[in-house]
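Overview (structure and organization)
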Amino acid sequence: MAGHVVVKNLGISFTGKDKTIWAVKDVSLEVKSREFVSLVGVSGCGKSTVINSIAGFVPPTVGEVTVDNQPITEPNSRRGVVFQSFVLFPWKTVFENIAFGPRSRDVDEKAITESVDQYLKLMGLMKFADHYPQQLSGGMRQRVALARVLINDPDVLLMDEPFGALDAQTRIFMQEVVLNLWESTHKSVLFVTHDIDEAVFLSDRVYVMTAAPGSIKSVYDIELERPRHADIRLDQKFLLYKKELYEAIREESQKVLGPLPTF
Amino acid sequence: MRQFALRSTGIIFLLILWELVSRTNLIDPGLFPPPSQVISALVSLTLSGQLPKDVFASVLRAVAGFVLGSIAGLFVGAVSGRIRAFDAVLTPVVQVLRPIPVIALVPLAIVWFGLGEASKIFLVFWGVFFPVWVSSYLGISRVDKNYIWAARSIGIRREKLWLQVIVPAALPTIITGLRTSISLAFIVLVAAEMAGSYLGVGYRISAYHLVFQIDKMMGYIVLMGALGFIADRTFAYLVNRALPWYQLSVNQD
């Protein structure tokens, strides 16, 4: 089974003007094949850096990152990335954006059309094939971005706060879209978010990061039944997980934001 | 249509005002001929065949200089914007030459290339090169790295990155530079033609000045404005036809 991600003692530093800044320090985590794992932490803790490293965008300074025992040296379509800002190509139509991957691999054009159509249908975007991304709403753009990645049939899906730019209703809708997709395809997913509710709802396991420079603070196995539906949010067990995570994150956010001001 | 009528009102009003001011002899009509006289001068110059020849000569020089200058500017900007070694060698050279106002080079161009086509084309080339270089350099060197990351993680091969991602991502910046260069091309051309030539719109403006035929001179000035307007509109039209996404990207985000 493919898509087994292992991050071991990962540290990434950037050299500033006259000092070295550690974005993350000593991060170890694992996404087993077909698992849905979330990484939560306060903003600036280096969550995205971890994703960028697994994607192959940023090399580790120390430690190692492997997928199926292979160290990562560069980006690859086996590991699809979904960005918070969508990063669709504005010079390509919805169809062309989704077809980008297979076209890069010189797949037969007829096969590309069939498979793009299939993803357009799956995402409810059939009518928008010839639109440009700038003409779509945020939720639709993120569905295009998902389709653009899924069409390559990756082993691992790396999602970097994918719904951070969406309004609350669209966000909940998209969470269910992703959950349904995951339940039918069972890819390994690493999902970065700062939304605790989202992390508990989606994940098999949640890693909480410390404030910058980020390392892993604690791990929670989310033992809720699958398939999950929206109403699970009112379940007693769900709320207990939320409470635990909330307390862990609050400790970290206070390190960053300081104590509450008194009036 | 309503929009068009509204937009024309101001221009029509300006023409009527101009006609009235010079008819009432408020200003010496010899110095400030009314639009009716300028238009009739333009008509007779067209019928005599002189004006079409001038327009043809000027447009040819402008287009030749613009095309050559743009190609050079795009190319040098692109390689220095993306490849470190070229950036280190070429950028200082460009930065040293760029502050020289191109008009200052007119006499030198005439000494080097004579009064014929070569000096005009060279000057337009020179004038167009720098703004296009700047836009190409900035556009290419500042391509959002997320585009490149996204493309790489979808599986694009390195050698396809240029055409598929880097160039299109830089295009909005480049197009702005090209459009600025069109009006610049005409400014440089007029200066070059005025300084010495036998043919061309700029040359006529200067020649009629010397023989004090103000109505014909003003006719050619208006013509120059019309040429610039048509060139700009044609460029905008072609861009929108060739890149339907461009307008959308400029209006939003």
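These numbers were taken from a predicted model, which means no experiment stands behind them.

Attention shifts here to the overall build of chain A. Helix and strand counts for chain A come out as seven helices and ten strands. The C-alpha radius of gyration of chain A comes to 19 Å, within 12% of the 18 Å expected for a compact globule of 263 residues. In terms of overall dimensions, chain A has a C-alpha envelope of 60 × 45 × 40 Å along the principal axes. For chain A, the proportion of its 263 residues judged to be buried stands at 55%. Here the analysis covers contacts within chain A between residues at least 6 apart in sequence; of these, 70% occur between residues at least 24 apart. Summed over all atoms, the accessible surface of chain A reaches about 12200 Å², with 52% contributed by carbon and sulfur. Treating the 30 positive side-chain charges of chain A as one cloud and the 34 negative ones as another, the clouds have centres 3 Å apart.

Moving on: the UniProt feature "domain: ABC transmembrane type-1" (unreviewed entry) in chain B. Mapped onto this structure's residue numbering, the UniProt feature "domain: ABC transmembrane type-1" (unreviewed entry) falls at residues 55-239 of chain B. The straight-line gap between the two end C-alpha atoms of residues 55-239 of chain B is 24 Å; of that span, 84% is helix and 0% is strand.

On to the interface of chain B and chain A. Taken together, the contacts link 23 residues of chain B with 30 residues of chain A. Between chain B and chain A lies a buried interface of about 2300 Å² when both sides are counted; carbon and sulfur atoms form 62% of it. If you sort the residues of chain B by the area they bury against chain A, Trp149(B), Ser153(B) and Ile154(B) come out on top, with a joint share of 29%. Residue Asp106(A) is joined to Lys160(B) by a salt bridge in which the shortest nitrogen-to-oxygen separation is 3.2 Å. Between chain B and chain A we count five residue pairs in polar contact (both at pLDDT 80 or more) in total. Elements with a contribution of two residues or more to the side of chain B that touches chain A: α7 (145-154), α8 (161-195) and α11 (244-251) of chain B. Its residues placed into classes, the side of chain B that touches chain A shows twelve nonpolar, six polar and five charged.

A few words now on the sheet that holds strand β2 (residues 20-31) of chain A. As a general point, the strands of a sheet are linked pairwise by backbone hydrogen bonds and lie either parallel or antiparallel. All names here are of chain A. If you walk across this open sheet you meet the four strands as β2-β1-β4-β5, and the pairing is antiparallel. Both edges of this open sheet fall to β2 and β5 (70-71), since each of them pairs with a single strand only. As paired strands, strand β1 (residues 5-15) and strand β4 (residues 62-67) are joined by five bridges and run antiparallel to one another. Counterpart to Val6 in the pairing with β4 is Thr66.

An α-helix turns once every 3.6 residues. As a result, residues three or four positions apart point the same way. All names here are of chain A. The first and last C-alpha atoms of helix α3 (residues 109-122) sit 20 Å apart over 14 residues, in line with the 20 Å expected at 1.5 Å per residue. Turning to α3, its buried residues number three or more, namely Ile112, Ser115, Val116, Tyr119 and Leu120. Looking straight down α3, one finds its buried side chains confined to an arc of 145 degrees; they lie on one side. Facing away from the buried side of α3 by over 90 degrees, the exposed positions are Lys110, Glu114, Gln118 and Lys121. Phi for Gly124, located one or two positions after α3, is positive at around 65 degrees.

Residue and element names in this part refer to chain A. Looking at the assigned domains, one finds that chain A contains domain 1 (1-78 + 174-263) and domain 2 (80-153). One C-alpha centre belongs to domain 1, the other to domain 2, and the line joining them spans 26 Å. With eight residues of domain 1 at the interface, the matching set in domain 2 holds 13 residues. Summed over both sides, the interface of domain 1 with domain 2 buries roughly 880 Å², with 71% coming from carbon and sulfur.

Moving on, we get to the side chain of Ser119(B). Residue and element names in this part refer to chain B. Relative to the assigned elements, Ser119 resides in helix α6 (residues 117-141). Engagement of the side chain of Ser119 in a polar contact is seen with the side chain of Lys120, the distance being 3.2 Å. When residues no more than four places from it in sequence are discounted, the contact partners of Ser119 are Ala109, Ile110, Phe113 and Gly114.

For the rest of this paragraph, the subject is the pairing of strand β9 (residues 205-209) of chain A. Residues and elements named next belong to chain A. Counting buried residues along β9, five of its five residues qualify, which places the element largely inside the surrounding structure. Bridging between strand β3 (residues 36-40) and β9 involves four bridges; their strand directions are parallel. Its bridge partner being in β9, Val40 is matched across the sheet by Val208. The hairpin formed by β9 and strand β10 (residues 216-221) contains six residues between the paired strands.

As annotated in UniProt, the feature "transmembrane region" (unreviewed entry) corresponds to residues 55-76, 96-115, 121-140, 161-178, 184-205 and 217-239 of chain B in the numbering used here. The straight-line gap between the two end C-alpha atoms of residues 184-205 of chain B is 18 Å; of that span, 77% is helix and 0% is strand.

This part takes up the packing of helix α2 (residues 35-48) of chain B against helix α3 (residues 50-82) of chain B. Residue and element names in this part refer to chain B. For the pair α2 and α3, interaxial distance at closest approach is 4 Å and the crossing angle is 85 degrees. As the angle between them shows, α2 and α3 are arranged roughly perpendicular. On α3, the residues touching Leu42, Leu45, Thr46 and Ser48 of α2 are Gln50, Leu51 and Pro52. Residues belonging to the contact of α2 with α3 are distributed by class as follows: four nonpolar, three polar and no charged.

Under the criterion given, the structure shown has 26 salt bridges over all chains. Notably, a salt bridge pairs Glu183(A) with Arg226(A), separated by 3.9 Å at the nearest N-O pair. Taken together, the residues Glu183(A) in helix α5 (residues 168-185) and Arg226(A) in the loop between β10 and α7 (236-257) connect sequence positions 43 residues apart. Given a relative accessible area of 22%, Glu183(A) falls into the partly exposed group. Asp232(B) is the salt-bridge partner of Arg179(B), the closest N and O atoms lying 2.9 Å from each other. With a gap of 53 residues between them, Arg179(B) in helix α8 and Asp232(B) in helix α10 (residues 214-242) connect regions that are remote in the sequence. Exposure remark for Arg179(B): the relative accessible area of 32% places this residue in the partly exposed category. Connected through salt bridges with shared partners, the residues Asp106(A), Arg157(B), Glu159(B) and Lys160(B) form a single ionic network.

Quick look at the UniProt feature "domain: ABC transporter" (unreviewed entry) in chain A now. When the UniProt feature table is mapped to this numbering, "domain: ABC transporter" (unreviewed entry) covers residues 7-236 of chain A. Measuring from the first to the last C-alpha atom of residues 7-236 of chain A gives 32 Å, for a span that is 32% helix and 26% strand.

It is worth spelling out the packing of aromatic side chains at this point. One pass over the full model with this rule turns up 21 aromatic pairs over all chains. On the numbers, 5.6 Å between centres and 80 degrees between planes, the contact of Phe36(A) with Trp182(A) is edge-to-face. Linking Phe36(A) in strand β3 with Trp182(A) in helix α5, this pair joins segments that are 146 residues apart in sequence. Assessed through its relative accessible area of 0%, Phe36(A) is described here as buried. A ring pair is formed by Trp133(B) and Tyr137(B), whose centres lie 5.1 Å apart and whose planes are at 20 degrees; its orientation type is stacked. Of the two residues, Trp133(B) and Tyr137(B) both sit in helix α6, four residues apart, roughly one turn of that helix. The class for Tyr137(B) is buried, based on a relative accessible area of 17%.

Reading the values: rules and limits
- The written sequence of each chain sets the order in which its residues are numbered from 1.
- The lettering of chains begins at A and the numbering of ligands begins at 1, in the order of writing.
- Per-residue local features of the predicted model are confined to residues with pLDDT of at least 70, and side-chain atom pairs are confined, for both listing and counting, to 80 or more; whole-chain, interface and lining totals are unaffected and use all residues.
- For side-chain calculations, the full set of non-hydrogen atoms in the structure is used, while hydrogens and water are omitted.
- Secondary structure is summarised from DSSP: a helix means a run of H or I of at least four residues, a strand means a run of E of at least two, and numbering begins at the N terminus for each.
- In this description the radius of gyration comes from C-alpha coordinates, and the expected globular size is given by 2.2 Å times residues to the power 0.38.
- A 1.4 Å probe rolled over the protein chains alone gives each residue an accessible area, and that area as a share of the maximum for its type sets the label: buried under 20%, exposed over 50%, partly exposed in between.
- Two residues form a contact once any of their heavy atoms are found within 4.5 Å.
- Note that accessible areas follow from Shrake-Rupley with a 1.4 Å probe, and for residues the cover is restricted to the protein chains shown.
- Only four residue types enter the charge count, namely Lys and Arg as positive and Asp and Glu as negative; His and the chain termini do not.
- Charge coordinates come from a single atom per side chain, which is NZ of Lys, CZ of Arg, CG of Asp or CD of Glu.
- UniProt positions are given in the numbering used here, feature names are shortened, and annotations may be inferred rather than shown by experiment.
- When two parts are put together, the accessible area they lose, computed with a 1.4 Å probe and summed over both, is reported as buried area.
- Just to be clear on terms, a salt bridge is a Lys or Arg side-chain nitrogen sitting within 4 Å of an Asp or Glu carboxyl oxygen.
- In the analysis that follows, any N or O atom pair within 3.5 Å is treated as a polar contact, provided that within protein one partner can donate a hydrogen and the other can accept it, and provided that, for residues neighboring in sequence, both atoms belong to side chains.
- Classes in brief: Ala, Val, Leu, Ile, Met, Phe, Trp, Tyr, Cys and Pro nonpolar; Asp, Glu, Lys and Arg charged; the others, Gly included, polar.
- Two strands are said to pair when DSSP picks up at least two bridges between them.
- Helix span, as expected, comes to 1.5 Å for every residue beyond the first.
- The reported arc concerns the directions from the helix axis to the C-beta atoms and nothing else.
- By convention here, the domain bounds are inherited from an automatic or database domain assignment.
- Here an angle of 0 to 180 degrees is reported between the N-to-C directions of two axes, which are lines fitted to C-alpha atoms, with helices fitted over the stretch in contact.
- Oblique is the label for any angle not under 35 degrees, not over 145, and not in the 65 to 115 range, which are roughly parallel, roughly antiparallel and roughly perpendicular in turn.
- Pairs were defined over the aromatic rings of Phe, Tyr and Trp, the Trp ring being its six-membered one, requiring ring centres within 6.5 Å. Orientation was assigned from the angle between planes: stacked under 30 degrees, edge-to-face over 60, tilted for the rest.

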